[in-house]
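Topology and contacts: notes
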Amino acid sequence: MYCPYVPRAKLTLCAAYPGVGKTYLLCYMAACVTTGRHFFNSVPFGRNEPGNVIYLTAEDGIGDTIKKRMRECGADMRKVFIVTENKTQLLFDSPEIEDFIKQAKPDLMIFDPFQAYIGSDIDMNAPNKTNERIGHIIDLAEKYGVAIVLICHFNKNSKGDAITRVLGSTDIMGKCRSYIALGNVPNEDETKFMSHEKSSLEKRGKTILFKIDPDNGGVVYLGENSLSMDDYTTLKGKSRSMTAPALEEAKQFLINQMPEGRRLAKEIYTLASANKISEG
C-alpha cells in the first residue's frame, strides 16, 4: 500500500505543540524506512525494501535522544545518518545538504525543526524569502527522489485551525504536498493522534491513534478514525466547558463549608457526598 502521509520526492510538514511526540514519531518513521516495515497501516514509498535515512537536527541531543529513540523503535542504525556538525550554519540552500544526499542516497530526509534551516536572516512571515530557500530543498527532493519531512512547532494561535497554527507564512504550507498534525486525544491518557490534514497527490490517510511506549517497540498502534485536528480541538473545548461549571461549584462548596479556613476532612467528605459532589 502506498503511504499517503509522506510522498516520495515531495515535501511533507509535520507539526505539533512541544512535548506531543513529533520527534519520537519521526524516529519511528525512520525506523520503518530502514527496516522496510509498515508505517502504521501503509508501506513507505510503496515497497518493503529497507532504505537509508538522513536526520538533521538542531534541537535535541543526539546520543541521549535521537539515536536512543530510533533504537527503541527498532531502526537499523547502519542505515541512519544523523547530521550534527555545523548544525547552526546549515541552511536549506547550503551545498553540504546536496552532498549529504549524494553520499547517503536516502529515501527519507528529516529536518528537525525546519525553521532552524530557514536561517535567522529570513523573516518566516515573508513569502518571497521563505519560498526561495524552501524552493531549493524541493528541487533536491525531485532531483534525487527523496521524501523530505519538515518538523515544525505550532504558533501560539491556539484558536486557529490546523493550517493557521503552523509557524511562518502560509506559503510554506502551500509548498508542502502533505501535512500531518499531531496532538493528544482529549480525556484519554497517553493516547495521541496523527491526522492527515493535507494531501495534494493522493486521498488523505486515516487519522492514526497511537501511544509512545519505549519498552514495547517505541510507538504502539491503537487504531484509526476520520477525525481531524480541528475536530479534536472542538472536543477538547466541549470537555472543558462541561467540566468547568462542576469544578467551580465544588470550589464554592469548599469555601462555604470552611468559613474559618479549616475543617475536618471527614466532615467535608460527608457533606460533599450529601451534595452529590464526587471526590474526582
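Structure: above.
Notes on the structure in this doc start here. Computed from a predicted structure; not experimentally measured. (Residues numbered from 1 in each chain as written. Predicted model: local features only at pLDDT ≥ 70, side-chain atom pairs only at ≥ 80, totals over all residues. Heavy atoms only, no water.)

A few words now on the packing of aromatic side chains. All told, the structure shown has 11 aromatic pairs when counted by the stated rule. Three or more aromatic residues joined by ring pairs make a cluster, and in this case those are Tyr-5, Tyr-28, Phe-39, Phe-40, Phe-210 and Tyr-221. (Phe/Tyr/Trp six-rings, centres within 6.5 Å; stacked < 30°, edge-to-face > 60°.)

Before going further, it helps to examine the nonpolar core. Counting 39 residues, the largest nonpolar core has Leu-56, Phe-111, Phe-114 and Ile-137 as the members making the most contacts within it. By residue number, the principal contributor to this core is helix 4 (residues 127-144), which donates 5 residues. Sequence-distant contacts of Phe-111, that is, excluding residues within four places in its chain, are made with Leu-56, Phe-92, Ile-97, Tyr-117, Ile-137, Ile-148, Val-149, Leu-150 and Ile-151. Of all hydrophobic cores here, the second largest spans 37 residues; its members include Ala-30, Cys-32, Phe-45 and Ile-151. (Core = buried A, V, L, I, M, F, W, Y, C linked by side-chain atoms within 4.5 Å. Buried < 20%, exposed > 50% of the residue type's maximum accessible area, 1.4 Å probe, protein only. Helix = DSSP H or I, 4+ residues; strand = E, 2+ residues; numbered from the N terminus. Contact = heavy atoms within 4.5 Å.)

Attention now goes to the sheet that holds strand 1 (residues 11-16). Read across the open sheet, the 9 strands follow the order 3-2-4-5-1-6-7-8-9; overall the sheet is mixed. The open sheet has two edge strands, strand 3 (80-83) and strand 9 (218-225), and neither has a second partner. The average undirected angle you get between the axes of adjacent strands in this sheet is 20 degrees. Both strand 8 (residues 207-213) and strand 9 contribute to a ladder of 7 bridges, which runs antiparallel. Bridge pairing in strand 9 links Lys-211 to Val-220. Relative to the sheet, helix 3 (residues 95-104) contacts strand 2 (53-57), strand 3 and strand 4 (108-112), its axis offset from that of strand 2 by approximately 150 degrees. (Pairing = 2+ DSSP bridges. Axes fitted to C-alpha atoms, helices over the stretch in contact; angles between N-to-C directions.)

Looking at the element boundaries, Ser-178 is found in strand 6 (residues 178-184). The class of Ser-178 is buried, set by a relative accessible area of 0%. A polar atom in the side chain of Ser-178 sits 2.7 Å from the backbone oxygen of Tyr-5. If sequence neighbours within four positions are ignored, Ser-178 has contacts with Pro-4, Tyr-5, Pro-7, Leu-11, Thr-12, Leu-13, His-196 and Lys-198. (Polar contact = N/O pair within 3.5 Å; in protein donor to acceptor, adjacent residues only side chain to side chain.)

In this section: the pattern of salt bridges. Within the structure shown, the criterion is met by 6 salt bridges. The partner of Glu-98 in a salt bridge is Lys-143, and the shortest N-O contact between them spans 2.9 Å. Taken together, the residues span a long stretch of sequence, with Glu-98 in helix 3 and Lys-143 in helix 4 at a distance of 45 residues. The buried category is assigned to Glu-98, whose relative accessible area is 17%. (Salt bridge = Lys/Arg side-chain N within 4 Å of Asp/Glu carboxyl O.)

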